[in-house]
Amino acid sequence: MTKEQLIIEVTKCIKNTSYALRTYLQTYDNTVKKYVPLILFPDQETLIQDYDTYNENIVSKYRQAGVSTVTAAWVSKRLVFAKKNQPEKILIIANKLDTAVEMANKVRSFTEQWPAWVGIQFSQEKNSQRHFKLTNNCEVKAVATSKDALRGYTPTILIFDEAAYIEADSDFWAACMASLSTGGKVIVVSTPNGYDQIYYEIYDQALRGNNDFKISEMYWYKDPRYTKDLYLVKTKDLVHFLLNRNDYDEKEVILDLSDEDPYSRDYKKLTEYFEQGYKPCSSWFEGMVKKLKYDRRKISQELECDFLGSGDNVFSSDILQNISKNMVKEPEAKLMGGSLWIFKEPENGHKYVMGVDVSRGDSEDFSCIEIIDFDTREQVLEYVAKVPPDVIAEVAHKWGTMYNAYCVIDITGGMGVSTARKMQEMNYEPGLYIDNIESKDKWKWDPKMNEKIPGINFNSKRVQIIASFEEYIRYGFKVYSKRLFNEMNTFIYKNGRPDHQKGHHDDCIMAISIATYVAEKSFQSLEKVTNHTKAMINSWSTFVNENKGGSEYFNPMMPNSGSKNRAFNQPTAQDYKKYGWLFGA
């Protein structure tokens, strides 16, 4: 190659990254079991163009997308063509050191492949797997998540590999960004892992236009390596189809696209099919689903780039998507400085249950009130605020009375005890739930009933209560609040225990779940008695209070503590003796 040809070639490589990579670099292609030229497919071409154009990039990818490989190749080109007086300093960060070192080794491997005329070699000054230097003063350093790893090193390019799995908070992210040199680049790469504090928050803010990150989204059905036999299935649940193909008429539900060229496929038309209810599939996808053991969460995470269905979310992506698209709405009224949202006014004859989750009022947690309509299975009122236990009692008393809502208070940790006692002092008429009353004793006269603390110990029944709420949602319970929906998005399993993610809240979930749990447990018991008994109970229980515009129920399954109308609301020993035979007492 002459000097003039070399100048032309160097210029071409600097200006055209795709040309440089496919001309001089090779990678191992597992689909053909050999090394092949690094020829990029369209999404990968777009990815490196974004790397070249934007200083801040975030990549949403599926498993085996080749993003780490392409990113490492792009980095190697930046290294070998950098000027000695303007060296690139690459810092690769991952949750585990091995993950960071693996990418650094890919960068090293690609760097070694560049031809001799680039004039770059590895320096003997630093040449380990974790940290190596080139003769043009460029460096590559691989570290695990640690603020100390940033000391004494000012990167020009900062790469977060599998960022959604980095166990760190926003302070770590801020420290990383502060270490970046002026005009430097940052690349965030990952498959989704629920609503984590780094990757998802960057992605979400980018969607809202609140930061300068360029989103590069990679989809497996656009990868020519995996879509040579692409077909579409019209189904709501692709996993169900793959497990039960014999139950489907494949002529009716399948569109075969295997005759199309995967490198020139019309993705606009493909999107139109998706809008009609079709889902993409191929032999590669089928094989990956089998490897993932048909686990819907892992399929969402590893293959479909779905934040809703990834991570250890308690609520499935289908549930959350349905709530987001079909239920969440603005309240009919916002009162008390926007803390109280009313979705439906109280209606005569309806049974309401109120759940109350209590905080100290000066911590990160909020106090919350949720009122549900048991008859129509929907959320009707929500109150969220940082208030002390006595204030939440006053708010609950006012609005609970308006809806004539039977009340259940979370007394876990003791904070709710003050609220429960305050409600008793205020003679809350619709009734207060008292936990730990054996079913066989419900119809026995207990003169010390009012001495018991009303409420429920949530933590002792956490799994059952959350499972009950999740089941409620699956069978059509309507959630309207955006605040509650946001909490459901970040409610996950931690070591098998349902809980909120770090930095998020679960106050609304706690309040509404105890309401649905008690409603189902108490009202459903009444529905199991004979028609004759139900008729008698109805004859006792309903009267219209014209002042409140609601109806009030005597429910012997749920003790009514502190009522002003004792003759009506509180059964006597004689009542238990007289009617106890109806319930097997």
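Re the overall build of the protein
- From N to C terminus, the protein includes 21 helices and 23 strands.
- Looking at the 585 residues of the protein, the share that counts as buried comes to 52%.
- Contacts spanning at least 24 positions in sequence make up 70% of the contacts within the protein whose residues lie at least 6 apart.
- For the protein, the computed accessible surface area is about 27,800 Å², with 47% contributed by carbon and sulfur atoms.

Structural notes on the packing of aromatic side chains
- Inspection of the entire model under this criterion finds 24 aromatic pairs.
- With a centroid separation of 6.0 Å and 35° between ring planes, the pair formed by Y24 and W114 is classed as tilted. Separated by 90 residues along the polypeptide, Y24 in helix α2 (residues 17-24) and W114 in the loop between α5 (97-113) and β5 (122-127) bring together distant segments of the chain. You'll find Y24 and W114 in the same group, each marked buried.
- When the centroid spacing of 5.6 Å and the interplanar angle of 85° are considered together, the rings of F81 and W114 count as edge-to-face. You can see F81 sitting in the loop between α4 (67-80) and β4 (89-94) and its partner W114 sitting in the loop between α5 and β5, a full 33 residues away along the chain. Neither residue differs from the other here; F81 and W114 are each classed as buried.
- Of the aromatic side chains, those joined through ring pairs into one cluster are Y219, W220, Y221, Y226, F274, W284 and F285.
- In this structure, K386 packs its charged tip against the face of F366, placed 5.2 Å from the ring centre.

Description of unusual backbone geometry
- A positive phi angle, near 75°, is found at N137, a position not held by glycine.
- Among the secondary structure elements, N137 is positioned in the loop between β6 (131-134) and β7 (139-144).
- Accessibility expressed as a relative area gives 30% for N137, which makes it partly exposed.
- With a phi close to 50°, N404 is a non-glycine residue in the positive phi region.
- Turning to its location among the elements, N404 is positioned in the loop between α14 (389-403) and β19 (405-409).
- By relative accessible area, N404 is classed as buried at 8%.

Observations concerning α14
- Between its first and last C-alpha atoms α14 spans 21 Å; for 15 residues at 1.5 Å apiece the expected length is 21 Å, and the two agree.
- Within two residues after α14, N404 carries a phi angle of roughly 50°, on the positive side.

Some remarks on the confidence of the model for the protein
- Confidence in the prediction for the protein averages 84 pLDDT; 84% of positions are at 70 or higher.
- Between residues 438-443, whose pLDDT stays under 50, and residues either more than four places distant or in other chains, the model counts 9 contacts.
- When the criterion is pLDDT under 50, residues 528-533 qualifies, and its contacts beyond four places in sequence or with other chains add up to 4 contacts.

Description of the environment of Y35
- Of note, Y35 is situated in strand β2 (residues 34-37).
- With 10 residues separating them along the chain, Y35 and L25 place their C-alpha atoms 9.9 Å apart.
- Y35 has contacts with Q26, T27 and Y28, leaving out every residue within four places of it along the chain.

Concerning the pairing of strand β18 (residues 378-385)
- When you tally the buried positions in β18, you get 8 out of 8 residues, the bulk of the element.
- Sheet analysis places strand β15 (residues 340-342) next to β18, joined by 3 bridges and oriented antiparallel. Bridge pairing in β18 places L340 opposite Y383.
- Relative to β18, strand β17 (residues 367-373) runs antiparallel, the two being bridged by 7 bridges. Following the sheet pairing, I372 is matched in β18 by Q379.
- Connecting β17 to the antiparallel partner β18 that follows it, the hairpin turn spans 4 residues, and R377 within it adopts a positive phi of roughly 55°.

Points about the packing of helix α3 (residues 42-53) against α4
- It is the contact of α3 with α4, at a shortest axis distance of 11 Å, that shows an interaxial angle of 45°. By the criterion of interaxial angle, the relationship of α3 to α4 is oblique. Crossing geometry of α3 relative to α4 is assigned as right-handed. In this structure, α3 contributes Q44, L47, I48, Y51 and D52 to the contact, and α4 contributes V67, V70, T71 and W74.
- Considered class by class, the residues forming the contact of α3 with α4 number 6 nonpolar, 2 polar and 1 charged.

So, the layout of surface pockets
- Its boundaries defined by the atoms lining it, the second largest pocket holds a volume of some 1,100 Å³.
- Around the second largest pocket sit 41 residues that line it, and T27, Y28, G66, T69 and R225 are the ones nearest its centre.
- When contributions to the lining of the second largest pocket are tallied by element, the ones reaching two or more residues are β1 (26-29), β2, α4, α5 and α11 (283-291).
- The element that contributes the greatest number of residues to the lining of the second largest pocket is α5, accounting for 7 residues.
- Class assignment of the residues belonging to the lining of the second largest pocket gives a composition of 19 nonpolar, 12 polar and 10 charged.

Let's talk about the pattern of salt bridges
- Overall, the coordinates contain 21 salt bridges when judged by the stated rule.
- Notably, a salt bridge pairs R296 with D237, separated by 2.7 Å at the nearest N-O pair. Here the residue R296 occupies a position in helix α12 (residues 296-302), and D237 occupies one in the loop between β11 (231-234) and α8 (238-243), the gap between them amounting to 59 residues.
- A relative accessible area of 43% means that R296 is categorised as partly exposed.
- The shortest N-O distance in the salt bridge between R245 and E250 comes to 3.2 Å.

How each quantity is defined
- Residues numbered from 1 in each chain as written.
- Predicted model: local features only at pLDDT ≥ 70, side-chain atom pairs only at ≥ 80, totals over all residues.
- Heavy atoms only, no water.
- Helix = DSSP H or I, 4+ residues; strand = E, 2+ residues; numbered from the N terminus.
- Buried < 20%, exposed > 50% of the residue type's maximum accessible area, 1.4 Å probe, protein only.
- Contact = heavy atoms within 4.5 Å.
- Areas by Shrake-Rupley, 256 points an atom, 1.4 Å probe, with all protein chains shown as cover.
- Phe/Tyr/Trp six-rings, centres within 6.5 Å; stacked < 30°, edge-to-face > 60°.
- Lys NZ or Arg CZ within 6 Å of the ring centre and 35° of its normal.
- Expected span 1.5 Å × (residues − 1).
- pLDDT = per-residue confidence, 0-100.
- Pairing = 2+ DSSP bridges.
- Axes fitted to C-alpha atoms, helices over the stretch in contact; angles between N-to-C directions.
- Parallel < 35°, antiparallel > 145°, perpendicular 65-115°, else oblique.
- Left-handed = near helix turned anticlockwise from the far one by under 90°.
- Nonpolar A, V, L, I, M, F, W, Y, C, P; charged D, E, K, R; others polar.
- 1 Å grid on protein atoms, 1.4 Å probe; cavity = no way out; pocket = protein on both sides within 12 Å on 5 of 7 lines; lining within 4 Å.
- Points joined across faces, edges and corners; volume = space filled by probe spheres on them.
- Salt bridge = Lys/Arg side-chain N within 4 Å of Asp/Glu carboxyl O.

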